[in-house]
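Descriptive structure summary
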Amino acid sequence: MNRKRLKQIKDSNAVLKIGFEFITSFYAWFLNYIVAVIPFWCVRKFFYKISGLKLGKDARIGLHTRVIRPARIVIGDRTIINEYCYLDGRGGLQVGDDCSISIYTKIITASHRVNSLEFSYCENSVKINNLVWVGCEAIILDGSLIEKGCIIGAGAVIKGTTEPFGIYIGNPATKIRDRNPNIDYKLDFHPFFR
Ligand SMILES: CC(C)(COP(=O)(O)OP(=O)(O)OC[C@H]1O[C@@H](n2cnc3c(N)ncnc32)[C@H](O)[C@@H]1OP(=O)(O)O)[C@@H](O)C(=O)NCCC(=O)NCCS
């Protein structure tokens, strides 16, 4: 193959790449700045589902929540993600059943290697097991595993694995005590316009 032909192929690949980036960026904007403010859950739910986000029965995502890479996010039955949260699916995000994720919580599944000369990017999944309550404005960092029944206090910053039914507060979050391990509830929250 001659040089001219090679350059033509490279150029057409570059155009395809830019076109793909344009379309995916446009869709991310549409999902986060148009769909996310539609006040009717059934409409938002439709768009999240066609974006590949797996939503359990009666789960919901509140208004103004930002969703990154929805196809890598799984949300369990009856779980409530309240308003203004940040759900990052880049590294894979799984939230169990009957979890309550309070307003302004951020769950992050990507980062950069601190000693990398090239500022290299990395992804690590986050898993939140059943019956977890995350208080408002908590931050759950990449690679974390929040075990069943935990409470993460308002404003806590978590990186790592928690013990089942532990109550964690602060930055960095530490365990202050245990929650009653006999909890057994099913969330049932269907507000209008949220
Ligand atoms: C973690 C939490 C559940 C603990 O509740 P609790 O068991 O009733 O705790 P207490 O109020 O008895 O506080 C125990 C101690 O921890 C401190 N504390 C409680 N929550 C804290 C938090 N989120 N961050 C830092 N410190 C906290 C209290 O000041 C208190 O300190 P002290 O012993 O020095 O006085 C609660 O404080 C919390 O963060 N709730 C989240 C509320 C929220 O986000 N609601 C929105 C959705 S409804």
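Quick summary incoming for the structure in this document. (Residues numbered from 1 in each chain as written. Predicted model: local features only at pLDDT ≥ 70, side-chain atom pairs only at ≥ 80, totals over all residues.)

Describing the overall build of the chain
Along the backbone of the chain there are two helices and 19 strands. Projecting the C-alpha coordinates of the chain onto the three principal axes gives extents of approximately 70 × 45 × 20 Å. Relative to its 194 residues, the chain shows a buried fraction of 29%. Sequence-distant contacts, at least 24 apart, represent 25% of the contacts inside the chain between residues at least 6 apart. (Helix = DSSP H or I, 4+ residues; strand = E, 2+ residues; numbered from the N terminus. Buried ≥ 20, exposed ≤ 12 C-beta atoms within 10 Å, placed from the backbone. Contact = placed C-beta atoms within 7 Å.)

Re the pairing of strand β19 (residues 174-178)
Within β19, only zero of the five residues are buried, leaving the element largely exposed. The hairpin turn running from strand β18 (residues 166-169) into β19, its antiparallel successor, is four residues long, and G170 in that turn takes a positive phi close to 90°. (Pairing = 2+ DSSP bridges.)

Overview of helix α1 (residues 3-34)
Taking 1.5 Å of rise per residue, 32 residues should cover 46 Å, and α1 covers 45 Å from first to last C-alpha, within 8% of that figure. Of all the 32 residues making up α1, one are buried; the element is thus mostly uncovered. (Expected span 1.5 Å × (residues − 1).)

As for the nonpolar core
Core analysis: the largest hydrophobic core is formed by 36 residues, its most contacted members being I140, I152 and I158. Taken together, the elements giving at least two residues each to this core come down to β4 (73-75), β5 (80-81), β7 (93-95), β12 (126-128), β14 (139-140), β16 (151-152) and β18. The contact partners of I158, leaving out residues within four places of it in the chain, are A138, I140, L141, S144, I146, I152, Y168 and A173. (Core = buried A, V, L, I, M, F, W, Y, C linked by C-beta atoms within 7 Å.)

As for the site of the ligand
Neighbouring the ligand are S102, G135, C136, I151, G153, A154, G155, I167, I169 and G170. Along the lines of polarity and charge, the residues of the shell around the ligand split into five nonpolar, five polar and no charged. (Near = placed C-beta within 6 Å. Nonpolar A, V, L, I, M, F, W, Y, C, P; charged D, E, K, R; others polar.)

Structural notes on the sheet that holds strand β17 (residues 157-158)
Judged by pairing direction, the sheet is parallel, and its five strands sit side by side in the order β3-β6-β9-β14-β17 without closing on themselves. Either end of the sheet is taken by a strand with one partner, and the two such strands are β3 (66-68) and β17. With two bridges joining them, strand β9 (residues 106-107) and β14 adopt parallel strand pairing. Among the inter-strand pairings, K106 is bridged to a residue of β14, identified as I139.

Description of the environment of S111
By the secondary structure assignment, S111 is in strand β10 (residues 110-112). Residues in contact with S111, not counting those within four places in the same chain, are C122 and D142.

Some words on the sheet that holds strand β1 (residues 54-55)
Judged by pairing direction, the sheet is parallel, and its five strands sit side by side in the order β1-β4-β7-β12-β15 without closing on themselves. Unpaired on one side and paired on the other, β1 and β15 (145-146) mark the two borders of the sheet. Where β7 meets β12, three bridges bridge the pair, whose relative direction is parallel. Residue L93 lies in a different strand from β12, and its bridge partner there is V126.

Let's talk about the environment of F193
Mapped onto the fold, F193 is located in the segment after β19. F193 sits in the exposed class, given 7 other C-beta atoms within 10 Å.

Quick word on the pairing of β18
For β16 and β18, the ladder comprises two bridges, and the chain directions are parallel. Within the sheet, the bridge partner assigned to I151 lies in β18 and is I167. Across four bridges, β18 lies against β19 in antiparallel orientation. Each bridged residue has a counterpart across the sheet, and for Y168 the counterpart in β19 is K175.

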